[in-house]
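Reading the structure
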Amino acid sequence: MTERRERYEGFVKQAVKSEEVSLIREALQRGQLTGSAKFIDEVEQITGIRIEQRGQGRPKAQTNP
């Protein structure tokens, strides 16, 4: 059983680059999707919910000149 688990773990680590894992983790923490713009647009159309990647924190206040 241990050998199968180790082989599977090795397979999973090969399949996904560390940069992609970081992107997926960040998206999960923010409750956002990862994927191409086309994919995100399709999900938005199906669900009727606007999904976009936003920066952390509150938006900066706009000042009037």
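None of the values given here were measured: they were computed from a predicted structure.

Definitions and cut-offs
Residues numbered from 1 in each chain as written. Predicted model: local features only at pLDDT ≥ 70, side-chain atom pairs only at ≥ 80, totals over all residues. Heavy atoms only, no water. Helix = DSSP H or I, 4+ residues; strand = E, 2+ residues; numbered from the N terminus. Buried < 20%, exposed > 50% of the residue type's maximum accessible area, 1.4 Å probe, protein only. Areas by Shrake-Rupley, 256 points an atom, 1.4 Å probe, with all protein chains shown as cover. Expected span 1.5 Å × (residues − 1). pLDDT = per-residue confidence, 0-100. Phe/Tyr/Trp six-rings, centres within 6.5 Å; stacked < 30°, edge-to-face > 60°. Patch = residues over 30% accessible without salt bridge, like charges linked within 9 Å, V, L, I, M, F, W, Y side chains within 5 Å. Salt bridge = Lys/Arg side-chain N within 4 Å of Asp/Glu carboxyl O.

A separate point is the overall build of the chain. Scanning the chain for helices and strands turns up 3 helices and 0 strands. Within the chain, the proportion of its 65 residues that are buried is 9%. A total of about 6,700 Å² of accessible surface is found on the chain, and carbon and sulfur atoms cover 51% of it.

Further remarks concern helix H1 (residues 2-15). With 14 residues, H1 extends 20 Å between its outermost C-alpha atoms, agreeing within 8% with the 20 Å of an ideal straight helix rising 1.5 Å per residue. For H1, the buried fraction is low: 0 of the 14 residues fall into the buried class.

Attention now goes to helix H2 (residues 18-30). In this model, H2 (13 residues) spans 19 Å end to end at C-alpha, consistent with the 18 Å of a helix rising 1.5 Å per residue. Residue glycine 31 follows H2 closely and has a positive phi angle near 70°.

Another point: the confidence of the model for the chain. Confidence in the prediction of the chain, expressed as mean pLDDT, is 80, and 86% of residues score 70 or more. The weakest mean pLDDT in the chain belongs to H2 at 82; the strongest belongs to helix H3 (residues 37-47) at 87.

This paragraph deals with the packing of aromatic side chains. Evaluated as defined, the whole model comprises 1 aromatic pair. Consider the rings of tyrosine 8 and phenylalanine 11, whose centres lie 6.5 Å apart with planes at 35°: the pair is tilted. Separated by 3 residues within a single helix, tyrosine 8 and phenylalanine 11 lie in helix H1, roughly one turn from each other. Here tyrosine 8 and phenylalanine 11 have matching classes, each one exposed.

A contiguous nonpolar surface patch, about 340 Å² in accessible area, is contributed by Tyr8, Phe11 and Val12. On the basis of relative accessible area, tyrosine 8 is assigned to the exposed category, the value being 56%.

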